[in-house]
Amino acid sequence: MTDATVEDFRYSGLSTTNLRIGFIMTQQRAAEGEWGAQAALGALPFCAQFGECGSTMARFGDLLSEAIHRIRLCENNKPISVIHDELGYALGRSGGTAIAYWRKGRPPNVADLERLARELMRRSDLDGAWLMRFLRAANYPFPDSLVHELRPPAVASGDHDAQPNFAGATHLAFHAGHAEIVGRDEEQRILLALLHAPHGAPIVAIDGAGGMGKTALAYAVAATCARRKTFDVVVWVGANTGEADDVDALTLQRILRLLGRHLAPADFAQLPQTELNARLYALLRTRRVLIVLDSLEAAGDAQESIVQGLRPFLGVSRALVTSRRRFMGDVYALHLTGLDAEYSRRLIHQQAHLRGLPSLANAPDGELQQIVAAAGGSPLAIKLIVGQLGFLPLEFVLARLRDDGLLVHQSRDDEYVHMYTNLFLPTWSQLSATGQWLLVTLSLFVPGVGGALDAVSAISELASHHLYAALNELWRVSLLEVGPTQHDSLHDKRYYLHTLTRNFVQLAVDAAPDGVLRAERTRAGLDFINYYLTYATAHAHNQAALTSELDNLTTTLRMVYDMGQPDLLLLTAQAICPHLLQHGRHVEAIAHLVRAEAAARHEAAMQPLGAILFQLGVALHNYGRPEEAHARLDEALAIARRVGDQPLCCDILQALCESRGSA
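Residues numbered from 1 in each chain as written. Predicted model: local features only at pLDDT ≥ 70, side-chain atom pairs only at ≥ 80, totals over all residues. Heavy atoms only, no water.

**Thoughts on the overall build of the chain**
Summing up its helical and strand segments, the chain has 33 helices and 10 strands in all. Burial status across the chain gives 55% buried among its 663 residues. Counting contacts in the chain only where the partners sit at least 6 residues apart, residues at least 24 apart contribute 69% of the total. Carbon and sulfur atoms form 53% of the exposed surface of the chain, whose accessible area is close to 28,000 Å². (Helix = DSSP H or I, 4+ residues; strand = E, 2+ residues; numbered from the N terminus. Buried < 20%, exposed > 50% of the residue type's maximum accessible area, 1.4 Å probe, protein only. Contact = heavy atoms within 4.5 Å. Areas by Shrake-Rupley, 256 points an atom, 1.4 Å probe, with all protein chains shown as cover.)

**A short note on the pattern of salt bridges**
Side chains that carry opposite charge are capable of pairing whenever their charged atoms lie near each other. Enumeration according to the criterion identifies 26 salt bridges in this entry. E114 is paired through a salt bridge with R118; the nearest N and O atoms lie 3.1 Å apart. Of this pair, E114 and R118 both sit in helix α6 (residues 110-123), four residues apart, which is roughly one turn of the helix. On the basis of relative accessibility, which here comes to 30%, the residue R118 falls in the partly exposed class. For R632, the salt bridge identified is with E597, shortest N-O distance 3.3 Å. Highlighted residues: R632 in helix α32 (residues 626-643) and E597 in helix α30 (residues 586-603), separated in sequence by 35 residues. Using a relative accessible area of 19% as the deciding quantity, one classes R632 as buried. When salt bridges that share partners are traced, they join E342, R345, R346 and D365 into one network. (Salt bridge = Lys/Arg side-chain N within 4 Å of Asp/Glu carboxyl O.)

**A short note on the packing of aromatic side chains**
Scanning the entire structure with this criterion turns up 13 aromatic pairs. Of the aromatic side chains, those joined through ring pairs into one cluster are F445, F528, Y531, Y532 and Y535. The lysine or arginine in question, R288, covers the ring of F231, its NZ or CZ lying 4.6 Å from the ring centre. Positioned above the aromatic ring of Y561, the side-chain terminus of R595 is 4.6 Å from the ring centre. (Phe/Tyr/Trp six-rings, centres within 6.5 Å; stacked < 30°, edge-to-face > 60°. Lys NZ or Arg CZ within 6 Å of the ring centre and 35° of its normal.)

**Some words on the packing of helix α12 (residues 252-263) against helix α14 (residues 303-310)**
Taken N-terminus to C-terminus, the directions of α12 and α14 make an angle of 40°; their axes are 9 Å apart at the nearest point. Put simply, α12 runs oblique to α14. Here the hand of the crossing between α12 and α14 comes out right-handed. For the pair α12 and α14, the contacting residues are L252, I255, L256 and L259 in the first and S305, I306, G309 and L310 in the second. (Axes fitted to C-alpha atoms, helices over the stretch in contact; angles between N-to-C directions. Parallel < 35°, antiparallel > 145°, perpendicular 65-115°, else oblique. Left-handed = near helix turned anticlockwise from the far one by under 90°.)

**Let's talk about the environment of I206**
Tracing the backbone shows I206 in strand β3 (residues 203-208). Beyond its immediate sequence surroundings of up to four residues, I206 is in contact with L191, K214, L217, A218, L320, V321, T322, S323, F327, L334 and L336.

**Remarks on the nonpolar core**
Among the nonpolar cores identified, the biggest contains 108 residues, and L360, I385, Y420, W428, L438, L442 and I652 are the most heavily contacted of them. Formed by 31 residues, the second largest nonpolar core is a distinct cluster that contains L250, L258, I306 and V307. (Core = buried A, V, L, I, M, F, W, Y, C linked by side-chain atoms within 4.5 Å.)

**Examining the environment of H586**
In this fold, H586 is placed in helix α30. Distance from H586 to H621, taken between C-alpha atoms, is 9.9 Å for residues 35 residues apart in sequence. In contact with H586, other than residues within four places in its own chain, are L581, A619, N622 and Y623.

**Quick look at α30**
With 18 residues, α30 should reach 26 Å at 1.5 Å per residue; the first-to-last C-alpha distance of 25 Å fits that figure. When we look at burial in α30, the residues that qualify are H586, A589, I590, H592, L593, A596, E597, A599 and A600. Next to the buried residues of α30 lie α28 (550-563), α29 (566-582), α31 (606-622) and α32. (Expected span 1.5 Å × (residues − 1).)

**Some points on helix α26 (residues 516-538)**
If you check α26, its first and last C-alpha atoms are 33 Å apart, about what 23 residues at 1.5 Å a residue would give, namely 33 Å. Within α26, burial applies to L517, R521, A524, G525, F528, I529, Y532, L533, Y535 and A536.

**Points about the side chain of N552**
Note on placement: N552 falls in helix α28. A distance of 2.8 Å separates a polar atom in the side chain of N552 from the backbone oxygen of G450. Once residues within four sequence positions are removed from consideration, N552 is found in contact with F445, V446, V449, G450, R494, F528 and Y532. (Polar contact = N/O pair within 3.5 Å; in protein donor to acceptor, adjacent residues only side chain to side chain.)

Dropping the structure here:
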């Protein structure tokens, strides 16, 4: 088959299956007349027939399901139930009940149908040919006029000199109205090189936690392959639509049957599985096909079974697969993590311009950094936050990400609840008790920093074999990230959570009805404090070791303050704040020392108060607040003389001389 310009890319969904499938075909097939009159209009037919005869493709319920899934993908994988409700509200109804009813194949009246069509076209990238089928399936009296209004001929027919119209992902570089994917240039380069290489890996995988943009990256790669004509055909199959009533799980045999249906004559659908497999085997080894399998963590078969079962069929074809579960075995797997700070800011600016938020587009870097830290580089979280900033203040939006009661009082319309429950709840509920406990332990550490194995072991109190099993379990489902220590050796690793994962775990513990996990978290929190207080004392003169743990030391201070125990706060502040000051973290140190000062005054603990005032005076002096520094140092000197602490007197006098001398 000779190369030809890629004509289109189609995506569809069906509520009674757990499947979505898209299909990129070549212009040559349309030119050969295979698509009849629709090809002449520049619009390929709806490709997914889902095992039914061709006449059923225009059924109203199926077409409405397709539109809803298009909206879902164009709006950051928004839950189907939310889209139902939003469409219902737009039609003046109290929720999405009517939409769910119409999806069963029962069209509304003419007035509701017209309003529904307008809303679907406004929120999706569906074309005029789809709209015509949709209206005709519902027996709309004058479909041509509405199609002409909503999708004028210049748009509906397409321009062969323009960029091809790809649909089915959240970031589209090739379709007007969709933003270019941000921060994944290197990943795209790697994946494209692997797929293009004649003797490259037959199966290339993208794995990572939810919300990292795996589907968007896979789509961008597939679209580029189509534009460059690297493959004759690109087939997209997804295992998870997010439907509550989707019960048919995607298996290897269903994937092969779908491939046979779309890559070969219609009689393939009637072949026994064995014969179909044999003919598909011959076809894929002679024709270059890119098969994209999305969200394999939701498939009916184990993803390793699907990948290994598909491998013998490929020949000159290739497969690009995505999953929240890490890929094992003979597969090139690219693990996707959050965007770095610079790319996160770029995405914020991009979304601010797209949504018309000049106050955000021109916000100072300090405010942008708050968003970056809260989202942890998750493209999904960044878009959610930016969307909320259209009508809510920044502090409120960021506080909602960590709201203790978020999962306790769930609201079906709360986008934060949907984000956490869709990304994490299914995996959390499938974890073993040990896996959940280790996740709770790790949520005490600073996201992105985590702790070394010794710290994790001591605080979790898990025996080595249980700890190994739990680490492996969390790693396999992309809830745990693993990185080297500052020495970057094979002997030391750090284990940490993403910011959103940590938030979810804390919220899930707070929402647990029995309170057992909350009590255990409190116990682990005490162990955390004890571990890092001991660590700070033991490594007082080892600056390299303290540097790597400084964030966890600061967390210890915050945890102690939240516990409301003045004696422990004074001890912790005296042990840890000098290290913060030594590393130039004066703002944090001053905040903690001010709290410790208040606690010492409340407890009338004079000797600790003198030491705290001394440290606070030094911190204020170094931070450029000399008058406040002198007042604290003078009071500290008076207290030290009163209690007879001669070494402290000497240290304070030296600090006063340096402070007043510089003043």
